[in-house]
Amino acid sequence: MKGENDFSRGSVLSHMIRLAAPMTLAQLINVLYNIVDRIYIGRIPEHATLALTGLGICFPVLTLIIAFANLVGGGGAPLFSIARGQKDMEEAERILGNCTTLLVLFGVTLTIMMFLFKRPLLYLLGASDATFPYANAYLSVYLVGSTFVTVSLGLNNFINAQGFGTTGMLTVAIGAVLNLILDPIFIFAMNMGVQGAALATVISQFAAAAWTVRFLTGKRTLLRIRKSCLACEGQRVRRILSLGLAGFTMAVTNSAVQMACNAGLKVHGGDIYVGVMTVINSIREVVELPVRGLTNSAQPIMSFNYGAGEYERVKKAICYTAVIQLVYTFSMWGLLELFPEFFIRIFNQDAKLIQVGVPSIHIYFWGFFMMTFQYAGQAAFTALGRSRKAVFFSVFRKGIVVIPLTLILPGLFGLGVNGIFLAEPISNFLGGTACFLTMYLTLYRKLGRESS
């Protein structure tokens, strides 16, 4: 428990930077799984915009699968780090083993359930008769790899939680590079279209999952997956799922928001605006990467130091997280305002989509920097085991603010599709302010009193 894997020693900022760099790169590489698919599909010779829109309709399903990985990995990793900080290595390994079993069970169950309800689900998500064939073709193949997704994403949290940031990056790098190579072969050379994109992703996720399991059962890791720890224990599972509800709820509400947006855009704007939202979601995934990377690097440091009783170091990690994220998101807001067409053209060259997409980006990303406060507050609540507050603010921003506004605003003042895009910035201001202020008053100030 010495050196770079002991977060209670040395500079807090240095630990964050050391972990954030590979974690951010890992996030970038991970996003490439789907981003590369969209870039290639957006350049299919025939029906590129319809194919891209069909892929966008699948986003809520993909988000839901990732949500279950976050439920287990996001809940287990902080508890794992707290146990490490308390020097309770046996409990840490039992948490890791229980999470491994849960990830496999969730992956298999999701695959079965999604196949059973795939057709009505896609139409509910906003598919039309024109876009359904593309959405169905992609999802039918992608679902085969659901278990690989949950295992690779969920278990990677435990690699990063032990301080192996570079190894965590390699976990997703292997799959992403393979996906980058296989995509053009399957999509264009073998003329498989959207099915080829999905097949490349499944093979890539399998490679990532295999690498993750191999590392966590090998000799290089500090704590490993052991057969004796795989049997789930009720109380431990409840603690894992309770704390993981924050990340899970955020992902599920994101999925619900995507569903509401696609359905509303189909009614008020047609397939072209569903395509615009696909592009906007793709842009958002990319520009949020450093925010997620910094959040993921800060959480194990907060958890470890909280378990070790180093409360001043926890406060420093919270401050660094908020300030760095605020500077970055404010800068990205400026770039998106100045060069929206540049970002759209990365994914699609359709002149009509660009024409309606530019004003939509201006609305959707207005005040983008305010989402920093949601991420920073959420990270602190989750890292320190405050599951109820973490879950509440996940539900509040998306479920209580965004979804109702998405349904209500299009009918007010003739806003139409602009009302759907306007719901996001309003939620950033309301949700971000409420989450960070509550964290400061109920958690940050308490840490100050406990450290004095």
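S.K.: Explain the nonpolar core to me, and be specific about the residues and the numbers.
M.R.: Counting residues in hydrophobic clusters, the biggest one holds 78 residues, and the most contacted among them are L122, Y138, L265, I280, I283, F365 and F421. Not counting residues within four places of it along the chain, the set of residues in contact with L122 comprises I57, C58, A127, F132, A135, N136 and L139.

S.K.: So what about the environment of L155? Which residues, and what values?
M.R.: Topologically, L155 is positioned in helix α7 (residues 146–161). The spacing of L155 and L216 is 61 residues in sequence and 8.4 Å in space, taken between C-alpha atoms.

S.K.: A description of the packing of aromatic side chains should follow, citing residues and the corresponding values.
M.R.: Any pair of aromatic rings gets described here by the distance separating the centres and the angle formed by the planes. For the structure on display, the rule yields 24 aromatic pairs. Over the ring of F132 we find R119; its NZ or CZ atom is 4.7 Å from the centre of that ring.

S.K.: Pulling in residues and values, what's your account of the confidence of the model for the protein?
M.R.: When pLDDT is averaged along the protein, the result is 87; 96% of the residues meet or exceed 70. In the model of the protein, helix α1 (residues 12–41) stands out as the element of lowest mean pLDDT, 73, in contrast to helix α4 (residues 89–116), which has the highest, 96.

S.K.: Please give an account of the environment of V274 that cites residues and values.
M.R.: Within the secondary structure layout, V274 lies in helix α11 (residues 271–287). The exposure class assigned to V274 is buried, which follows from its relative accessible area of 0%. Along the backbone, V274 and C261 are 13 residues apart, and their C-alpha atoms lie at a distance of 8.0 Å. Once residues lying within four places of it in the same chain are set aside, the contact partners of V274 are T53, I57, N262, L265 and K266.

S.K.: Pulling in residues and values, what's your account of the environment of A298?
M.R.: Counting through the fold element by element, A298 comes out in helix α12 (residues 289–307). When residues no more than four places from it in sequence are discounted, the contact partners of A298 are M16 and T321.

S.K.: Describe in detail α11, supporting the description with residues and values.
M.R.: Helix length check: α11 (17 residues) gives 25 Å between terminal C-alpha atoms against 24 Å at 1.5 Å per residue, within 8%. Burial within α11 is extensive, with 15 of its 17 residues counted as buried.

Thresholds, definitions, all that
Residues numbered from 1 in each chain as written. Predicted model: local features only at pLDDT ≥ 70, side-chain atom pairs only at ≥ 80, totals over all residues. Heavy atoms only, no water. Core = buried A, V, L, I, M, F, W, Y, C linked by side-chain atoms within 4.5 Å. Buried < 20%, exposed > 50% of the residue type's maximum accessible area, 1.4 Å probe, protein only. Contact = heavy atoms within 4.5 Å. Helix = DSSP H or I, 4+ residues; strand = E, 2+ residues; numbered from the N terminus. Phe/Tyr/Trp six-rings, centres within 6.5 Å; stacked < 30°, edge-to-face > 60°. Lys NZ or Arg CZ within 6 Å of the ring centre and 35° of its normal. pLDDT = per-residue confidence, 0-100. Expected span 1.5 Å × (residues − 1).

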